[in-house]
Amino acid sequence: MKRLTCPVNGIRDIAEFQYLGPFRSTSPEDAAALTEHLFYAPNPIGPMIEWWRHRPTNTVFLAERHTATDHVLRTWLPGTAEPQEGKTQNG
Amino acid sequence: MPFALLSYGLTKRHKSFEDIPKTPELKRSYDVVIIGGGGHGLATAYYLSNVHGVKSIAVLEKGYLAGGNTARNTTTIRSNYLTQPSIRFYKEGVELYQSMSRDLGFNVMFSQRGQLTLAHSEATMRSFHLRAEMGKHMGTRIEVVDAKTVQELSPHLNMDFGGQHEILGGLWHADGGTARHDAVAWGYAKRAAEKGVEIHQRTAVTAIRTAKGRVTEIVTDRGTIQAGQVVQAAGGLNGQIAELAGLRLPIRCFPLQAMVTQPLKPFLDTLVSSANLHTYLVQSSRGEIVIGGGSDPYQLASTRSTFDQKEHLAHGALHLFPFLHNVRLLRQWAGITDMTPDYSPIMGATELANYWVDAGWGTWGFKATPVSGKYMAECVATGRVPDVLAPFALDRFDRFALLNEMGATAASH
């Protein structure tokens, strides 16, 4: 079973998490930026920063994950300077 | 005929033939270059060469012929969509499958056995009524049926009366069917190659050079070529290929996982699909039960299967057909689907004058192989986007003119 490191709750089963999509900024006032935000999400083959949520505790956090290898490079709470080391494990 | 066959069988001197010629040397330039040697790219090459008389065409395939999503899809052919432009388009796709074996002189094993989509809630039944009325209006064979008719259509189904997934009724789409995916690609490739289309396998596009709003050169790992017109039909790599040309596509990639069981005697003569259980099943002509439809829950560019998804698919399949519990799995796989925000494809022109896209086919591309090939070829041959493709234009996202088919794209979402 795949696992993910929540910055608050530590290593948990990935079934406890909800994927909230790639991290991207937007401005509701700017039509072009809004279109970009809604439809043109990042889709790299490589590292990507994205939002995740630990459902039981409603902890929303950021993760950097490689989209080809599916390895999570780090996870951290938004606004914190020090990203917490994280990793996925199969076992 | 039997005597001819017998005498052919007894002859010692058989003439060997190849359906697909070996990859030739790459020339310096072609009138049309098609990036992607899957079903869509090959169908486009077929229509360009056989219908529009284009002589100089090269199909560039990074791996082997039809080895991407053409090989990994679950071969559902249907037209039970929700919006008028979609139904019109996919209906023609189904019709082209009906005559495909005859048109190509190549047996694609098309079997029009009907698709049964199950409703486990009143909300689903209501959405089925909408889809059925839209389909009838557009002239497809589709109707909402009650639980008793579902039982008659597929007597082996676990109706789960009184249970969590009780089957309340279904959407019966008599036009639905299935075909042999490899044969579709090979049939198009063979007939295109006969007309001089060059199919370059193991030829990866590494760069696309543009100048003054046109593509000028395509750089591959086997040399650089010039192209009059370029069609992109690169499946899971559509986003990356478009980036090479300096274009951005509204695409996110998710793997779609499927699997097949060992061959069984024929018992399932419809396609069965359940949106609630995120599972659909079809029995192939070889007797294998194809179990499909699990998308990974987050973006990924990997074709590695996961135990979670396989377990999930097995759970759905066993709920619908509990007697499959001792059946062994023969193969399992994943394909990278290029998903669009509105679950409709992107076809037609781009901001580059001679560059056409056939992308965003996500989990619904196989059924459209002939019809997208037909109209993409028309784009290239005439230089204009046909009316039928206009609603699928890339710029619809900037105009907020979306074509929402999320509810009609099978069971994976």
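Thresholds, definitions, all that
Residues numbered from 1 in each chain as written. Chains lettered and ligands numbered in written order. Predicted model: local features only at pLDDT ≥ 70, side-chain atom pairs only at ≥ 80, totals over all residues. Helix = DSSP H or I, 4+ residues; strand = E, 2+ residues; numbered from the N terminus. Buried ≥ 20, exposed ≤ 12 C-beta atoms within 10 Å, placed from the backbone. Contact = placed C-beta atoms within 7 Å. Axes fitted to C-alpha atoms, helices over the stretch in contact; angles between N-to-C directions. Parallel < 35°, antiparallel > 145°, perpendicular 65-115°, else oblique. Nonpolar A, V, L, I, M, F, W, Y, C, P; charged D, E, K, R; others polar. Domains from an automatic or database assignment. Pairing = 2+ DSSP bridges. Core = buried A, V, L, I, M, F, W, Y, C linked by C-beta atoms within 7 Å. pLDDT = per-residue confidence, 0-100. Left-handed = near helix turned anticlockwise from the far one by under 90°.

Participant: Help me out: how do you make sense of the overall build of chain A in this one?
Facilitator: Counting secondary structure elements, chain A contains one helix and seven strands. Moving toward the C terminus, one meets the helices and strands of chain A in the order β-β-β-α-β-β-β-β. The proportion of buried residues among the 91 residues of chain A is 20%. Taking as baseline every contact in chain A between residues at least 6 positions apart, the subset at least 24 positions apart corresponds to 41%.

Participant: Got a minute to help me understand the packing of helix H4 (residues 84–98) of chain B against helix H11 (residues 369–382) of chain B in this structure?
Facilitator: The relative placement of two packed helices comes down to the angle between their axes together with the axis-to-axis distance. All names here are of chain B. Where H4 contacts H11, the two axes come as close as 7 Å, and the packing angle between them is 110°. As judged from the angle between their axes, H4 and H11 are roughly perpendicular. Here Phe 89, Glu 92, Gly 93, Leu 96 and Tyr 97 of H4 lie close against H11, whose contacting residues are Pro 370, Val 371 and Lys 374. In terms of residue class, the contact of H4 with H11 is made up of five nonpolar, one polar and two charged.

Participant: I keep staring at the domain arrangement of chain B and nothing clicks. Help me out?
Facilitator: Interface size is commonly expressed as the accessible surface area that is lost when the partners come together. Residues and elements named next belong to chain B. Per the domain assignment, the segments making up chain B are domain 1 (26–75 + 181–250 + 342–408) and domain 2 (113–175 + 253–339). If you average the C-alpha positions of domain 1 and of domain 2, the two centres end up 29 Å apart. Residue-level contacts link 16 residues of domain 1 with 15 residues of domain 2. When contributions to the side of domain 1 that touches domain 2 are tallied by element, the ones reaching two or more residues are helix H3 (69–72) and helix H9 (238–244). Classifying every residue of the side of domain 1 that touches domain 2 gives three nonpolar, 12 polar and one charged.

Participant: I tried to follow the environment of Phe 400 of chain B on my own but got confused; where do I start?
Facilitator: Here Phe 400 of chain B is to be found in the segment after H11. Once the C-alpha coordinates of Phe 400 of chain B and Pro 341 of chain B are considered, the two residues, 59 residues apart in sequence, prove to be 11 Å apart.

Participant: Help me understand unusual backbone geometry in this model?
Facilitator: Most peptide bonds take the trans configuration, and most residues that are not glycine carry a negative phi. Residues and elements named next belong to chain B. Backbone geometry at Thr 75 places phi at a positive 55°, although glycine is not the residue there. Of note, Thr 75 is situated in the loop between H3 and H4. For Thr 75, a count of 22 C-beta atoms within 10 Å gives the class buried. Despite not being glycine, Tyr 343 has its phi angle at roughly 60°, a positive value.

Participant: What am I meant to see in the environment of Lys 136 of chain B here?
Facilitator: Residue and element names in this part refer to chain B. For Lys 136, the position within the fold is in helix H6 (residues 122–137). A tally of 12 C-beta atoms within 10 Å means that Lys 136 is categorised as exposed. For the pair formed by Lys 136 and Asn 80, sequence separation is 56 residues and the distance between their alpha carbons is 9.7 Å.

Participant: Help me understand the sheet that holds strand S10 (residues 252–261) of chain B, please; the structure alone is not making it clear to me.
Facilitator: The strands making up a sheet are joined through hydrogen bonds of the backbone, oriented either antiparallel or parallel. Residues and elements named next belong to chain B. Strand order in the open sheet formed by eight strands is S4-S5-S3-S11-S12-S13-S10-S14, and the pairing between neighbours is mixed. What marks the edges here is a single partner per strand, and that holds for strand S4 (143–146) and strand S14 (329–339). When strand polarity is set aside, the average angle formed by the axes of neighbouring strands in this sheet is 20°. Sheet topology places S4 next to strand S5 (residues 169–173); four bridges connect them, and they run antiparallel. Bridge pairing in S5 links Val 144 to Leu 171. Where helix H10 (residues 307–320) meets the sheet, it contacts S10, strand S11 (271–274), strand S12 (279–283), strand S13 (289–295) and S14, and its direction lies at approximately 70° from that of S12.

Participant: Can you help me understand the nonpolar core in this one?
Facilitator: General note: in soluble globular proteins, nonpolar side chains tend to be found buried as a group. Judged by nonpolar contacts, the single largest core of 111 residues is most densely connected at Val 32, Val 33, Ile 34, Ile 35, Ile 57 and Leu 281 of chain B. Broken down by element, this core gets its largest block of residues, seven residues, from helix H8 (residues 181–194) of chain B. Residue contacts for Ile 57 of chain B: discarding those within four places in its chain leaves Tyr 30, Asp 31, Val 32, Ile 34, Ala 45, Leu 48, Ser 49, Val 197 and Glu 198 of chain B. Formed by seven residues, the second largest nonpolar core is a distinct cluster that contains Phe 17, Trp 52, Phe 61 and Ala 63 of chain A.

Participant: Quick question: what am I supposed to make of the pairing of S13 of chain B here?
Facilitator: Regular strands show a simple pattern: their side chains alternate between the two faces of the sheet. Residues and elements named next belong to chain B. Counting buried positions along S13 yields seven of seven residues, so the element is predominantly enclosed. Sheet topology note: the S10/S13 ladder contains five bridges and is antiparallel. Its bridge partner lying in S13, Val 260 is registered against Val 290. In this structure, the hairpin formed by S12 and S13 is closed by a connection of five residues, where Gly 287 is found at a positive phi of approximately 95°.

Participant: Would you explain the interface of chain B and chain A in this entry?
Facilitator: Taken together, the 16 residues of chain B in the interface contact 11 residues of chain A. Listing elements by their share of the side of chain B that touches chain A, those giving two or more residues are H9 and S10 of chain B. Residues that form the side of chain B that touches chain A fall into these classes: nine nonpolar, four polar and three charged.

Participant: Please explain the confidence of the model for chain A as it appears in this structure.
Facilitator: Note that predicted coordinates carrying low pLDDT should not be read in detail. Residues with a pLDDT of 70 or more make up 87% of chain A, whose mean pLDDT is 88. Taken as a whole, residues 86–91 of chain A scores under 50 in pLDDT and shows 14 contacts with residues more than four places along the chain or in a different chain.

Participant: What is the right way to look at the pairing of strand S5 (residues 59–66) of chain A in this model?
Facilitator: All names here are of chain A. With eight bridges joining them, strand S4 (residues 47–54) and S5 adopt antiparallel strand pairing. Residue pairing in the sheet places Pro 47 in a bridge with His 66 of S5. Taking the residues that link successive antiparallel strands as the turn, the S4-S5 hairpin has four residues, and the phi of Asn 58 there is positive, at about 50°. In the sheet, S5 pairs with strand S6 (residues 72–76) via four bridges, with the strands oriented antiparallel. Residue pairing in the sheet places Arg 65 in a bridge with Val 72 of S6. Where S5 folds back onto S6 in an antiparallel hairpin, the turn is made up of five residues, including Asp 70, whose phi is positive at roughly 65°.

Participant: What is the right way to read the packing of helix H2 (residues 39–50) of chain B against H11 of chain B from this model?
Facilitator: All names here are of chain B. Interaxial distance between H2 and H11 falls to 7 Å at its minimum, and their mutual angle equals 55°. The pairing of H2 with H11 is recorded here as oblique in orientation. Between H2 and H11 lies a crossing of right-handed hand. Touching Gly 39, His 40, Ala 43, Thr 44, Tyr 46, Tyr 47 and Leu 48 of H2 are Thr 369, Pro 370, Ser 372, Gly 373, Lys 374, Met 376, Ala 377, Val 380 and Ala 381, all from H11. Residues belonging to the contact of H2 with H11 are distributed by class as follows: nine nonpolar, six polar and one charged.

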